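Structural features, examined
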Amino acid sequence: MPTHHFPKIKKITYEGPSTTNPLAFRYYDPNEMVAGKKLKDQLRFSIAYWHSFRGVGTDPFGPGTIVRPWEKGKDPVSIAKTRMDAAFEFFTKIQAPFYAFHDRDIAPEGRTLAESNRNLDKVVAHAKQLQKATGVKLLWGTANLFSNPRYMCGAATNPDAHVFAYAAAQVKKALEVTRTLGGENYVFWGGREGYETLLNTDLKREQDHLAAFLHMAVDYAKQIGFKGQFLIEPKPKEPTKHQYDFDVASGIAFLRTYGLEKYFKFNIETNHATLAGHTFQHEIEVAAAAGLLGSIDANAGDTLLGWDTDQFNPDVRELTLAMFSILKAGGLGTGGFNFDAKLRRPSIDLADLFYAHIGGMDSYALAYKLALKIRAEGKLEKFVDDRYASYDGDYGKAIEKRRLGFKDLEKLVLRKLGEPKPKSGRQEYLENLLSSYLHH
Ligand code: XUL
Ligand code: CO
């Protein structure tokens with residue numbers, strides 16, 4: 001594999017918390033054994049192709065600012081292959097074991113679907129070689145069903161069945177290439193599956209169509225022997241005013257309404273959680289409570305901005321709480337931590353791509369270790385267990401088992417229990433306890 005796209009930057013290695021080298025890890029030591037496995041196998045970090053190799057820093061007020069030296073040449077397929085060489089050099093140097101892509105990130109869209117498919121096949125063959133040469137694996141694949149103008153009114157929820165059919169054909173191919181590359185999951189993010197105004201929208205029909213689409217994907221995966229986990233990535237708004245996969249709770253309701261809950265789990269993105277008015281940890285807990293926690297799109301928003309800024313997340317407190325809930329739920333299974341995060345518009349140097357991911361990976365590695373410690377000491381969990389201990393007692397247990405009704409409980413209160421004794425929720429004590437782990 002050619003290794004000349006980042007000539008000034010060597011493989012990033014672990015140098016420990018006291019290093020002053022900005023191109024070294026302080027907490028992420030990929031080969032460190034933690035909780036019985038190498039850290040890289042515990043965290044399963046993944047690089048988002050669309051941001052790190054297709055993002056150029058555009059915003060609504062101006063064009064791209066980020067110019068990469070490998071983006072040269074006339075033939076878009078050869079440029080795509082060279083770009084992919086650069087990407088795999090980066091994955092290797094940053095020590096990320098996985099990557100994730102949309103079909104149109106890795107290969108250029110052609111004039112027809114047939115041409116797009118041919119382009120994809122050529123680049124996928126190249127990806128297969130690079131995966132083999134480097135050992136880097138595909139965490140998930142997905143289809144871009146939102147950039148091309150044909151999808152301006154949605155893909156599976158488009159009022160035009162012709163667009164639905166086109167999107168189905170595109171996802172068919174994306175599933176095939178994800179299988180070819182050994183993708184461990186396949187993601188559906190809503191893209192433009194939502195509405196701008198109810199004046200022109202049949203909401204019920206659009207939701208029925210989305211469900212039909214997802215059932216077709218499940219059926220086709222069975223036909224081609226794709227065994228990866230399907231994931232839904234909720235987002236409440238942007239690009240549409242209202243996205244149907246608003247948050248995990250509405251996603252669960254949707255999946256159960258249409259008999260899809262056996263086939264899907266959730267890919268939870270930090271910034272999408274905050275846009276929905278939730279914390280990251282809340283979305284993780286809601287998915288975990290339903291047994292549907294799948295994977296994480298690791299990023300952060302800006303609390304002062306109401307859109308998806310997709311930043312790398314330096315907030316170790318937030319991440320420790322998230323990790324705590326993920327560990328409590330038994331981990332992510334085939335999922336991982338995919339850095340769905342992009343450089344700021346003025347961060348134009350190749351080194352910035354490294355600084356960004358070093359920060360992201362270190363924050364998660366530190367948070368993971370802190371969460372393990374919190375769990376090992378068990379003080380937080382013990383507090384919560386004690387708080388609910390009355391449900392382990394005789395009538396509490398009977399309530400949980402639904403063996404008692406209103407009449408029984410009325411009798412119990414009138415004859416025996418009387419007035420409950422208030423107990424403190426101890427929030428401030430618990431905040432201090434959490435801080436004691438963060439500022440050790
Ligand atoms: C958009 C977003 C997507 C998905 C993949 O907000 O997060 O990049 O992760 O389609
Ligand atoms: Co995402």
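What comes next is a walk through the structure. None of these values were measured; they are calculated from a predicted model.

1. Brief notes about the site of ligand 1
Near ligand 1 you find Trp50, His102, Trp140, Trp189, Glu233, Lys235, Glu269, His272, Asp297, Asp308 and Asp340, and these make up its full shell. A distance of 2.8 Å separates an oxygen atom of ligand 1 from a polar side-chain atom of Glu269. If ligand 1 stood free it would expose 290 Å²; the protein chains cover 94% of that surface. The residue inventory of the shell around ligand 1, partitioned by class, reads 3 nonpolar, 2 polar and 6 charged.

2. Regarding the coordination of the cobalt ion (ligand 2)
Protein coordination at the cobalt ion (ligand 2) comes from Glu233 (OE), Glu269 (OE), Asp297 (OD) and Asp340 (OD), with a distance range of 1.9 to 2.2 Å. Metal-centred angles of 79 to 172 degrees between the 6 donor atoms at the cobalt ion (ligand 2) mark the site as octahedral. In the primary structure, the donors to the cobalt ion (ligand 2) are separated according to the pattern E-x35-E-x27-D-x42-D. One end of the pair, Glu233, is in strand E8 (residues 229–233); the other, Asp297, is in strand E11 (residues 293–297), with 64 residues separating them in the sequence. The pair formed by Glu233 and Asp297 is uniform in burial state, with each residue classed as buried.

3. Considerations on the packing of aromatic side chains
Inspection of the entire model under this criterion finds 32 aromatic pairs. Site record: aromatic cluster; members linked through ring pairs are Phe6, Tyr49, Phe53, Trp70, Phe88, Phe90, Phe91, Tyr99, Phe101 and Phe354.

4. Describing helix H16 (residues 427–438)
Between the first and last C-alpha of H16 there are 17 Å, a value that for 12 residues agrees with the 16 Å anticipated at 1.5 Å per step. All of the buried residues in H16 are Leu430, Leu433, Leu434, Tyr437 and Leu438. In an axial view of H16, the angular spread of the buried residues amounts to 145 degrees, which keeps them on one side of the axis. Opposite the buried face of H16, at more than 90 degrees from it, the exposed residues are Glu428 and Asn432.

5. With respect to the sheet that holds strand E3 (residues 45–48)
With respect to topology, 8 strands assemble into a closed barrel ordered E3-E4-E5-E6-E8-E10-E11-E12, the strand pairing being parallel. With strand direction ignored, the average angle separating the axes of adjacent strands in the sheet is 30 degrees. Note: strand E4 (residues 98–102) against strand E5 (residues 137–142), 5 bridges, orientation parallel. The residue of E5 that forms the bridge with Ala100 is Trp140. Each of E8 and strand E10 (264–269) touches helix H8 (residues 248–257); the most contacted strand, E10, lies at about 165 degrees to it.

6. Section: the packing of H8 against helix H10 (residues 280–289)
Contact geometry of H8 with H10 gives a least axis separation of 9 Å together with a crossing angle of 25 degrees. When the axes of H8 and H10 are compared, the pair comes out roughly parallel. Contact residues: Val248, Ala249 and Ile252 in H8; Glu283, Val286 and Ala287 in H10. Of the residues in the contact of H8 with H10, the class split is 5 nonpolar, no polar and 1 charged.

7. Things to note about the pattern of salt bridges
Applying the stated criterion across every chain yields a total of 18 salt bridges. As a salt-bridge pair, Arg317 and Glu431 come within 2.6 Å of each other at their nearest N and O atoms. Placement of the pair is Arg317 in helix H11 (residues 316–328) and Glu431 in helix H16, with a sequence separation of 114 residues. Between Lys382 and Asp386 there is a salt bridge, with its nearest N and O atoms 2.8 Å apart. One end of the pair, Lys382, and the other, Asp386, are both in helix H13 (residues 379–387), 4 residues apart, so they sit about a helical turn from each other. Asp386 gets classed as partly exposed once you look at its relative accessible area, which sits at 46%.

8. Here we look at the side chain of Thr320
With respect to the helices, strands and loops of the structure, Thr320 is situated in helix H11. By relative accessible area, which is 0% here, Thr320 ends up buried. Reaching out from Thr320, the side chain makes a polar contact with the backbone oxygen of Val316 at a distance of 2.6 Å. Once you skip the residues sitting within four places of it in the chain, Thr320 turns out to touch Ala367, Leu370, Ala371, Ile374 and Leu438.

Parameters at a glance
Residues numbered from 1 in each chain as written. Chains lettered and ligands numbered in written order. Predicted model: local features only at pLDDT ≥ 70, side-chain atom pairs only at ≥ 80, totals over all residues. Heavy atoms only, no water. Near = heavy atom within 4 Å. Polar contact = N/O pair within 3.5 Å; in protein donor to acceptor, adjacent residues only side chain to side chain. Areas by Shrake-Rupley, 256 points an atom, 1.4 Å probe, with all protein chains shown as cover. Nonpolar A, V, L, I, M, F, W, Y, C, P; charged D, E, K, R; others polar. Donors = N, O, S within 2.8 Å, 3.2 Å for Na, K, Ca; no water. Tetrahedral: all angles 85-135°; square planar, octahedral: opposite > 155°, others 65-115°. Helix = DSSP H or I, 4+ residues; strand = E, 2+ residues; numbered from the N terminus. Buried < 20%, exposed > 50% of the residue type's maximum accessible area, 1.4 Å probe, protein only. Phe/Tyr/Trp six-rings, centres within 6.5 Å; stacked < 30°, edge-to-face > 60°. Expected span 1.5 Å × (residues − 1). Arc of directions from axis to C-beta. Pairing = 2+ DSSP bridges. Axes fitted to C-alpha atoms, helices over the stretch in contact; angles between N-to-C directions. Contact = heavy atoms within 4.5 Å. Parallel < 35°, antiparallel > 145°, perpendicular 65-115°, else oblique. Salt bridge = Lys/Arg side-chain N within 4 Å of Asp/Glu carboxyl O.

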